Amino acid sequence: MLEQRMPQQEKQKIQQNANCVVMVPPKEFAFNSQTAQDNEFQNQVVETTAEIRAAAMREFHSMVEQLRDVGVQVVVFDYPVGEIETPDAVFPNNWFSTTQGGALYTFPMACENRQNEVKVAALAEALKQAKRPVLSQDSLISYLDQNAFLESTGVMVKDHISRTIYAALSQRCDREVLEDYAQRIGYDRVISFQTLLPSGKPIYHTNVMMAIGEKFCVICDEVIPEFERRFVTKSLAKDKQVISISIDQMNQFCGNILQLETSSGDKVIAMSQSAYDAFSPSQLTQLSSHGKLMSFDVKTIENIGGGSVRCMLGEVFLAAKS
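Every value quoted in this text rests on a predicted model; they were computed, and no experiment measured them.

**Overview of the overall build of the protein chain**
Then comes step 1: Secondary structure summary: the protein chain contains 11 helices and 15 strands in total.
Then comes step 2: The principal-axis extents of the C-alpha atoms in the protein chain amount to approximately 50 × 45 × 45 Å.
Then comes step 3: Within the span of the protein chain, comprising 322 residues, buried residues form 56% of the whole.
Then comes step 4: As displayed, the protein chain has an accessible area near 13500 Å², and 47% of this comes from carbon and sulfur atoms.

**A short note on the sheet that holds strand E4 (residues 103-106)**
Then comes step 1: Strands sit in the order E3-E4-E5 across an open sheet of three strands; the sheet is mixed. Every interior strand has two partners, whereas the edge strands, strand E3 (96-98) and strand E5 (136-139), have only one. Looking at each pair of strands side by side, their axes are set apart by 20° on average, direction ignored.
Then comes step 2: Direction of pairing for E3 relative to E4: antiparallel, over a ladder of three bridges. Residue pairing for E4: Thr98 is matched across the bridge by Leu104.
Then comes step 3: Packing against the sheet, helix H4 (residues 120-129) makes contact with E3, E4 and E5, and its axis sits at approximately 150° to E4.
Then comes step 4: Along the sheet, helix H6 (residues 175-185) makes contact with E3, E4 and E5, crossing E4 at roughly 175°.

**Looking at the pattern of salt bridges**
Then comes step 1: Under the defined criterion, the tally for this structure stands at 13 salt bridges.
Then comes step 2: With a closest N to O distance of 2.8 Å, Arg163 and Asp188 form a salt bridge. With Arg163 in the loop between strand E6 (156-159) and strand E7 (164-168) and Asp188 in the loop between H6 and strand E8 (189-193), this residue pair connects regions lying 25 residues apart in the sequence.
Then comes step 3: A residue is classified by how much of its surface remains accessible, and Arg163, at 0% relative accessible area, is buried.

**Observations regarding the side chain of Asp159**
Then comes step 1: Position of Asp159 among the secondary structure elements: in strand E6.
Then comes step 2: Every residue in contact with Asp159, bar those within four places of it in the chain, is listed here: Gln16, Thr164, Tyr166, Tyr187, Ile212, Asp239 and Lys240.

**With respect to the sheet that holds strand E15 (residues 314-315)**
Hydrogen bonds between backbone groups are what pair the strands of a sheet, and the pairing can be parallel or antiparallel.
Then comes step 1: What the three strands build is an open sheet, ordered E2-E1-E15; its pairing is mixed. Whereas interior strands pair on both sides, the edge strands pair on one side only; in this sheet they are strand E2 (73-76) and E15.
Then comes step 2: With four bridges joining them, strand E1 (residues 20-23) and E2 adopt parallel strand pairing. If you follow Cys20 over to E2, its bridge partner there is Gln73.

**Some remarks on helix H2 (residues 49-70)**
Then comes step 1: The first and last C-alpha atoms of H2 sit 32 Å apart over 22 residues, in line with the 32 Å expected at 1.5 Å per residue.
Then comes step 2: Here H2 has its buried residues at Ile52, Arg53, Ala55, Ala56, Glu59, Phe60, Met63, Val64 and Leu67.
Then comes step 3: The first or second residue beyond H2 is Gly71, which carries a positive phi of 105°.

**Some words on the pairing of E4**
Then comes step 1: Going residue by residue along E4, you find Ala103 and Tyr105 tucked away on one face and Leu104 and Thr106 tucked away on the opposite face as well.
Then comes step 2: The antiparallel hairpin formed by E3 and E4 contains four residues in its connecting segment, where Gly102 sits at a positive phi of about 100°.
Then comes step 3: Sheet topology places E4 next to E5; four bridges connect them, and they run parallel. If you follow Leu104 over to E5, its bridge partner there is Gln137.

Rules of the game
Residues numbered from 1 in each chain as written. Predicted model: local features only at pLDDT ≥ 70, side-chain atom pairs only at ≥ 80, totals over all residues. Heavy atoms only, no water. Helix = DSSP H or I, 4+ residues; strand = E, 2+ residues; numbered from the N terminus. Buried < 20%, exposed > 50% of the residue type's maximum accessible area, 1.4 Å probe, protein only. Areas by Shrake-Rupley, 256 points an atom, 1.4 Å probe, with all protein chains shown as cover. Pairing = 2+ DSSP bridges. Axes fitted to C-alpha atoms, helices over the stretch in contact; angles between N-to-C directions. Contact = heavy atoms within 4.5 Å. Salt bridge = Lys/Arg side-chain N within 4 Å of Asp/Glu carboxyl O. Expected span 1.5 Å × (residues − 1).

Structure, rendered in structure tokens:
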């Protein structure tokens with residue numbers, strides 16, 4: 001248990017859901033052979049690179065437009081192309097996170113071509129232009145020297161209200177770095193656990209198997225060993241409606257969803273069309289009681305990149321400056 005650092009008065013102000021997100025255009029999008037070593041959700045395709053990128057850009061722009069239409073602020077973070085291509089730049093949630101206190105954190109990513117996505121000064125400037133100024137910066141990237149990784153909200157699913165981090169341990173989620181980060185942001189609890197896929201490998205990112213909203217959570221608990229599973233689900237069930245999904249549903253990205261807020265405070269739940277189609281009618285009814293369901297066709301990005309809608313959204317909790 002980590003030391004409690006935040007007074008009760010401030011704790012009550014904490015928001016579970018962001019009303020602003022960073023999205024990065026997939027202009028260098030392609031199958032990433034480096035990440036494919038442990039990401040079983042990626043697939044090779046026969047289309048040309050130009051065809052793949054054109055389709056991915058259509059999916060991206062449609063998603064940006066729909067989110068903006070309902071009142072979610074979207075900061076499109078474009079970037080200059082460098083010498084090393086960044087095929088997974090469309091998934092910015094893996095290299096940064098923000099806090100309501102105004103902090104911007106950056107993280108050590110496991111694959112070399114993904115490490116080139118980290119552009120701190122440019123992101124801070126883009127957020128400033130969007131009237132979401134960064135007040136402080138902190139980084140855990142020095143852990144790369146120890147060959148230790150923590151891929152931000154890819155590997156950490158946060159219950160901000162209870163200040164608890166849930167994390168499936170893997171090559172991309174080092175326990176020491178995880179504990180260090182939790183301590184830096186003053187979160188009370190870290191619940192880390194093992195996972196096992198039918199292939200015998202662990203889940204590469206926690207956010208493909210679980211999502212936490214204000215009053216609900218979605219989890220593929222069957223990939224957690226039984227002795228840990230009961231502890232994880234009991235913790236979630238204390239103040240959340242637990243919606244359990246199967247491995248088949250997880251493979252359709254039902255766990256890779258995100259609850260957001262609009263500018264008027266309404267709740268929306270972003271997911272892919274693949275996920276929406278894979279949820280059962282009763283599960284969709286449960287989810288819709290927690291916000292408007294928004295489904296996006298991102299099949300190209302899902303199939304080739306091995307990540308879905310939640311991975312495309314870098315939450316911004318920085319306060320808006322009028």
